Amino acid sequence: MKIAEPLAYRSYMDIRFAIALLAAVLAACASAPEPPPLATTSRAEAAGAAVARRPLETPAIPPVAIAPPSYPIAAPPSPKIVVPPNTQYVCVIDTKNKQQQTAIEFAPKVAALCRKHPEMGPCQYERNNCRASGGRVFAADGVEITMATEAEYDKKVMRVRFRAN
């Protein structure tokens, strides 16, 4: 009877291993979730908020003609960024040949802070929020704020980030 117990235990472990392997294979085959859309606020909700996000009306991106392989392919023209007045940043998200522009407006005190010191936390938070949704951030003058620009901002301030392990 002592011989049967290890065999029963071994087959039980084999079944558990097979189930774990099957779960890992199924998890690996699952598609990655799409990034969540950038949350927008209405004018009524934005009255007392520090930040307001409003979608902007923009024309659709025209289709790009494909050149023959013997010619160099030119990069498509950069999108025309529409920056309404009193807007610090515009978040541009390209999805399925459709472009969505969202204005990021700050409360007057926060907007003054971000104009003077764009490296500060509230400004950076909104830019990172846009990028997390798969977008690109443009300043009021139409210049894109890239991660290289963010690195320059980080040189101006000392940030402490705590990570839980």
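This text goes with the structure placed above it.
Residues numbered from 1 in each chain as written. Predicted model: local features only at pLDDT ≥ 70, side-chain atom pairs only at ≥ 80, totals over all residues. Heavy atoms only, no water.

## Examining the pattern of salt bridges
Moving on, step 1. One pass over the structure, following the stated rule, counts four salt bridges.
Moving on, step 2. Residues Glu-150 and Arg-127 are paired through a salt bridge, measuring 2.5 Å at the closest nitrogen-oxygen approach. Separated by 23 residues along the polypeptide, Glu-150 in helix H4 (residues 147–156) and Arg-127 in helix H3 (residues 121–132) bring together distant segments of the chain.
Moving on, step 3. With relative accessibility at 3%, the residue Glu-150 sits in the buried group. (Salt bridge = Lys/Arg side-chain N within 4 Å of Asp/Glu carboxyl O. Helix = DSSP H or I, 4+ residues; strand = E, 2+ residues; numbered from the N terminus. Buried < 20%, exposed > 50% of the residue type's maximum accessible area, 1.4 Å probe, protein only.)

## A short note on the pairing of strand E4 (residues 136–139)
Moving on, step 1. In this structure, strand E2 (residues 89–95) lies alongside E4, joined through four bridges in antiparallel fashion. Within E4, the residue paired with Tyr-89 across the bridge is Ala-139.
Moving on, step 2. Pairing between E4 and strand E5 (residues 144–145): two bridges, direction antiparallel. Note on E5: the bridge partner recorded for Val-137 is Ile-145. (Pairing = 2+ DSSP bridges.)

## Details of the packing of aromatic side chains
Both the distance between ring centres and the angle between the ring planes are used here to describe each pair of aromatic rings.
Moving on, step 1. Scanning all chains against the criterion turns up one aromatic pair.
Moving on, step 2. Pairing Tyr-89 with Phe-106 gives two aromatic rings, centres 6.1 Å apart and planes at 85°, and the pair type is edge-to-face. Note that Tyr-89 is positioned in strand E2 and Phe-106 in strand E3 (residues 98–106), a separation of 17 residues in sequence.
Moving on, step 3. The exposure class of Tyr-89 is buried, given its relative accessible area of 2%.
Moving on, step 4. Classification of Phe-106 by relative accessible area gives buried; the value is 10%. (Phe/Tyr/Trp six-rings, centres within 6.5 Å; stacked < 30°, edge-to-face > 60°.)

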